[in-house]
Structure formats: C-alpha cells, structure tokens
Amino acid sequence: MDNWNNYEEWEIEEPMWKKAVDFANKYHTKAGQYRIGKNGEKIPYITHIYEVMRILTNEANITSDTVLTVAALHDTIEDTDCTFEDIEKEFGTDIAEAVDLLSRRDGQDFDEYAEKIFKSEKFPWLGSVKLADRIHNMRTYPETKNYGKIKYKYDETLRTITPHAEEQSPILAKKLNETMDMIKHFLNDKEIEFWRKK
C-alpha cells in the first residue's frame, strides 16, 4: 500500500506509534522481509504492519497509542534481529514485554503461545493485536497460492484463536468469522478443482 505512512488519516494525538512504525520498517527492511501481492509480486513487509493497524483502528475502533505501538512492533522480535532490549530502550519495558509475548519462539507449541496472549492479565488487550494480525494474514493467504499452508493456518486458527475471539473483541471476532468463511469457500473450491482434475 503506497500510503502506509499516512499517519494523519487516523487523527491520533499520541505520537509513540508513529515512531514504532518507522522503527519496525527499519528492522523488517534490514531483514529483507516482504509480502506476496495479489499478482505474486513482492511488496514491502511494512504493508502488513500498516494493515494490522488499520484493522484495529478502522474496523475495531481501537485508537490506543499503546495498542497501536505494540501492533506496529508485533513481528520485530520474532522475525528480525531486533531484541527485547532494543524495544525496551526506545519504548519502555511494558511495550517490550507485550511485543515479547506476541513473539513465538522456535519450537514453541502454538496452543501454548496463543493461550499466553489471550489470557494475559497485564495486557488484557493483547489478544486484539493477535486477532488483527491473524485476520490480515488469513485475508491475504490465498494470494500465496500455497494450498497446504492455507489449510494448515485455517485449522490452526479454528483450534487456537477462534475460541478466544468473542471474549477478546466481539467486533474482531465477527471480522475473523467472516474471513474464515471466505477461506473455507476458497479451500472448498480448491478441493473441487483438485478432484475434477483426477
């Protein structure tokens, strides 16, 4: 998305999340990360960060500077060489701890990982960031044309994220359900296409 850094459209007074977007963009760019666009083209990874924040603000009416800052940073520890200490230095301990909770470790069981996020007492809003992240990922997975991954993520979402969604955010739960319905139809169409070729 060309206007990912169009901060003014949200009209949020507190500026910490603006710094977080630039911070995250620096690390994701340095790591050489990208997303796959609708036509298979590579697009900057920051577009995913931007869309997660848009889901929170435009679709769930969440405008907390703290929540948006964590949303901007949510993949930095997990996917780049950014450390807990790097985030703590720039944004404080609470932000670093929240981002750290959103960072899945190598080999960590996904069910355990999700449970820690949605049951966090210190950050009761943290699950909303995860929901927005998963909603955007699920909306864009068909663009990868990776049927196996899409099916795996669909099943994983049903098992570990959907059960927590309604309690965390009814608005985001509705968005997730709509997205999952779209993926279900996509998977059904692909299965029909597969058997027709047999």
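Bear in mind that the values here come from a model prediction, so they are computed numbers and not experimental data.

Colleague: Please give an account of helix α1 (residues 16-30) that cites residues and values.
Modeller: Note: α-helices contain 3.6 residues per turn, so residues at a spacing of three or four share the same orientation. Helix length check: α1, at 15 residues, gives a terminal C-alpha distance of 21 Å against a target of 21 Å (1.5 Å per residue), a fit within 8%. The complete set of buried residues in α1 reads W17, A20, V21, F23, A24, Y27 and H28. Positive phi appears at G32, one or two residues downstream of α1, with a value of about 70 degrees.

Colleague: I'd love a proper account of the nonpolar core, names of residues and values included.
Modeller: One broad trend across soluble globular proteins is that nonpolar side chains are buried collectively. Core analysis: the largest hydrophobic core is formed by 54 residues, its most contacted members being M53, L56, L73 and I87. In terms of residues, this core owes the most to one element, helix α11 (residues 170-196), which gives seven residues.

Colleague: Tell me about the side chain of S169, and name the residues and values.
Modeller: By the secondary structure assignment, S169 is in the loop between α10 (162-168) and α11. You can call S169 buried: its relative accessible area is 9%. Among all residues touching S169, those that are not within four sequence positions of it are S128 and L131.

Colleague: Describe the pattern of salt bridges, with residues and values.
Modeller: Within this structure, the stated rule accounts for 14 salt bridges. R139 serves as the salt-bridge partner of E59, at 2.9 Å between the closest nitrogen and oxygen. With E59 in helix α2 (residues 46-59) and R139 in helix α8 (residues 126-140), this pair connects stretches of sequence that are 80 residues apart. A salt bridge links K174 to E178, with the shortest nitrogen-to-oxygen separation between them at 2.7 Å. With K174 and E178 both in helix α11, this residue pair falls four residues apart, about one helical turn. Of the residues examined, K174 reaches a relative accessible area of 48% and is grouped as partly exposed. One network of salt bridges, with partners in common, ties together E59, R139 and K175.

Reading the values: the criteria
- Residues numbered from 1 in each chain as written.
- Predicted model: local features only at pLDDT ≥ 70, side-chain atom pairs only at ≥ 80, totals over all residues.
- Heavy atoms only, no water.
- Helix = DSSP H or I, 4+ residues; strand = E, 2+ residues; numbered from the N terminus.
- Expected span 1.5 Å × (residues − 1).
- Buried < 20%, exposed > 50% of the residue type's maximum accessible area, 1.4 Å probe, protein only.
- Core = buried A, V, L, I, M, F, W, Y, C linked by side-chain atoms within 4.5 Å.
- Contact = heavy atoms within 4.5 Å.
- Salt bridge = Lys/Arg side-chain N within 4 Å of Asp/Glu carboxyl O.

By themselves, these observations are geometric and do not establish any function.
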